[in-house]
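# Notes for the structure review
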Amino acid sequence: APAAPVSSAAAGNDFAHMKSIIDRKDNGVRAAALRKELGSAMLENAGIFRDSEKLGLALKAVRDLRDRCQDTFVQDKGRTFNMDLLFAVELDNMLLAETMVVVGIALQESRGSHSRTDFPGRDDEAWLKHTVIYKAPDGPQLEYTPVTITRWQPEERAY
């Protein structure tokens, strides 16, 4: 299927964002180093087995990286096949890890691949609901909507 058309306003916003990244002065902050820090912070503190303390450390690290990401310098100033620019933009996108950590902190139970060592059991009474996440200036905002049970009753998996 053909791609949906992109509005000229959206394209203009993206172009301005890319130009602002390319125009940054060299301050020694490179996307590769920040990506490595993000990966380490998430691996150490927000893996499958997590707890409140580790998730708090992950959130602090991700928010610090989000702030530092605004200064990422790209050496390649070209407009064609600019991998340096691509890595900087991808870093912006990877910092959505903040959402994963915020939800991990809020979800005080273990369910599926989310295993809280400080909340080892599943809690359908408190947490059988959909989590809806909104982007806000100060970070992800969470809201909840009810789950409608139809044919299949929720049950804990047993392997």
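Refer to the structure above for everything that follows.
This section reports on the structure supplied with the text. Being a predicted model, the structure only gives us computed values, none of them experimental.

### Looking at the overall build of the protein
Helices and strands together make up the secondary structure of the protein, namely six helices and four strands. When the helices and strands of the protein are placed in sequence order, the string is α-α-β-α-α-α-β-α-β-β. Computed over its C-alpha atoms, the radius of gyration of the protein comes to 20 Å, more than 25% above the 15 Å expected for a compact globule of 159 residues. Across its three principal directions, the C-alpha atoms of the protein cover 55 × 40 × 30 Å. Every one of the 159 residues in the protein was classed for burial, and the buried ones make up 27%. Taking contacts inside the protein between residues at least 6 apart in sequence as the whole, the part at least 24 apart equals 61%. A total of about 11000 Å² of accessible surface is found on the protein, and carbon and sulfur atoms cover 57% of it. Distance between charge centres in the protein, computed from 21 positive and 24 negative side chains, equals 4 Å.

### Here's the deal with the pairing of strand β4 (residues 141-146)
As judged from the six bridges shared by strand β3 (residues 129-134) and β4, these two strands associate in the antiparallel manner. Note that in β4 the partner of K129 across the bridge is P146. Between β3 and β4, which pair antiparallel in sequence order, lie six residues; one of them, G139, sits at a positive phi of approximately 120°.

### Details of the packing of aromatic side chains
This model, assessed by the stated rule, comprises one aromatic pair. With 5.9 Å between their ring centres and 70° between their planes, W127 and Y144 make a pair best called edge-to-face. A residue pair is termed long-range when its members are at least 10 positions apart, and W127 in helix α6 (residues 124-127) and Y144 in strand β4 qualify at 17 residues. Residue classification places W127 among the buried residues on the basis of a relative accessible area of 14%. Residue classification places Y144 among the partly exposed positions, given a relative accessible area of 33%. The ring of W127 is capped by K129, whose NZ or CZ atom sits 4.6 Å from the centre of that ring.

### Regarding the packing of helix α2 (residues 31-45) against helix α3 (residues 52-69)
As a packed pair, α2 and α3 sit with axes 9 Å apart at the nearest point and diverge in direction by 170°. When the axes of α2 and α3 are compared, the pair comes out roughly antiparallel. α3 is crossed by α2, and the crossing has left-handed handedness. Residues L34, E37, L38, A41, M42, E44 and N45 of α2 pack against K54, L55, L57, A58, A61, V62, L65, R68 and C69 of α3. Class assignment of the residues belonging to the contact of α2 with α3 gives a composition of eleven nonpolar, one polar and four charged.

### Regarding unusual backbone geometry
Its identity is not glycine, yet F81 carries a phi of approximately 50°, on the positive side. Within the secondary structure, F81 is located in the loop between α3 and α4 (83-94). Residue classification places F81 among the exposed residues on the basis of a relative accessible area of 77%.

### What about the packing of helix α1 (residues 8-22) against α4?
At a minimum axis distance of 10 Å, the contact between α1 and α4 shows a crossing angle of 115°. Relative to α4, the element α1 is oriented roughly perpendicular. Viewed along their axes, α1 and α4 form a crossing whose handedness is right-handed. Residue-level inspection shows H17, M18, I21 and I22 of α1 in contact with α4, the latter providing L85, A88, V89 and D92.

### Quick notes on α4
For α4, built from twelve residues, the straight-helix expectation of 16 Å at 1.5 Å per residue is met to within 8% by its first-to-last C-alpha distance of 16 Å. When α4 is considered as a whole, its buried residues turn out to be D84, L85, A88, V89 and L91. One face of α4 carries all of its buried residues, which in axial projection span an arc of 150°. Tucked inside the fold, the buried residues of α4 contact α1, α2 and α3.

### Quick word on the nonpolar core
L38, M42, L95 and V101 are the most contacted members of the largest nonpolar core, which totals 22 residues. Contributions of two or more residues to this core are made by α1, α2, α3, α4 and α5 (97-106). The element best represented in this core is α3, accounting for six residues.

The rules behind each value
- Numbers given to residues run from 1 along each chain, matching the order in which its sequence is written.
- Only residues with pLDDT of at least 70 get local features here, since the model is predicted, and only at 80 or more are side-chain atom pairs given and counted; chain-wide, interface and lining totals rely on the full set of residues.
- Values reported for side chains reflect all heavy atoms of the structure, with hydrogen atoms and water molecules removed beforehand.
- Strands are runs of DSSP state E lasting at least two residues, helices are runs of H or I lasting at least four, and both sets are numbered from the N terminus onward.
- For this measure, only C-alpha atoms enter the radius of gyration; the expected value for a globule follows 2.2 Å times N^0.38, where N is the number of residues.
- Partly exposed describes any residue whose relative accessible area lies between the buried limit of under 20% and the exposed limit of over 50%, with all areas from a 1.4 Å probe on protein chains only and scaled to the type maximum.
- In this analysis, two residues are considered to be in contact whenever any of their non-hydrogen atoms come within 4.5 Å of each other.
- All accessible-area figures derive from a Shrake-Rupley calculation using a 1.4 Å probe, and residue coverage is judged against the displayed protein chains alone.
- Charge assignment in this entry is limited to Lys and Arg as positive and Asp and Glu as negative, and neither His nor the chain termini are counted.
- Think of each charge as sitting on NZ of Lys, CZ of Arg, CG of Asp or CD of Glu.
- DSSP calls a pair of strands paired once it identifies at least 2 bridges connecting them.
- Each Phe, Tyr or Trp ring, with Trp reduced to its six-membered ring, pairs with another whose centre is within 6.5 Å; inter-plane angles below 30 degrees give stacked pairs, above 60 give edge-to-face pairs, and intermediate values give tilted ones.
- Only when the NZ of Lys or the CZ of Arg is both within 6 Å of the ring centre and within 35 degrees of the ring normal is a charge said to sit over the ring.
- In this analysis an axis means a line fitted to C-alpha atoms, helices contributing only their contacting stretch, and an angle means the value between N-to-C directions, from 0 to 180 degrees.
- Should an angle fall under 35 degrees it is taken as roughly parallel, and over 145 as roughly antiparallel, whereas 65 to 115 is taken as roughly perpendicular and any remaining angle as oblique.
- Handedness of each helix crossing follows the sense of rotation of the near helix against the far helix: counterclockwise by less than a right angle gives left-handed, clockwise gives right-handed.
- Gly is put with the polar residues, along with every residue not named as nonpolar or charged; the nonpolar set is Ala, Val, Leu, Ile, Met, Phe, Trp, Tyr, Cys and Pro, and the charged set is Asp, Glu, Lys and Arg.
- Between the first and last residue of a helix there are one fewer steps than residues, each counted as 1.5 Å, and that sum is the expected span.
- Directions are taken from the helix axis to each C-beta atom, and the arc is the one they span.
- We call a set of buried Ala, Val, Leu, Ile, Met, Phe, Trp, Tyr and Cys residues a nonpolar core when their side-chain atoms join them within 4.5 Å.

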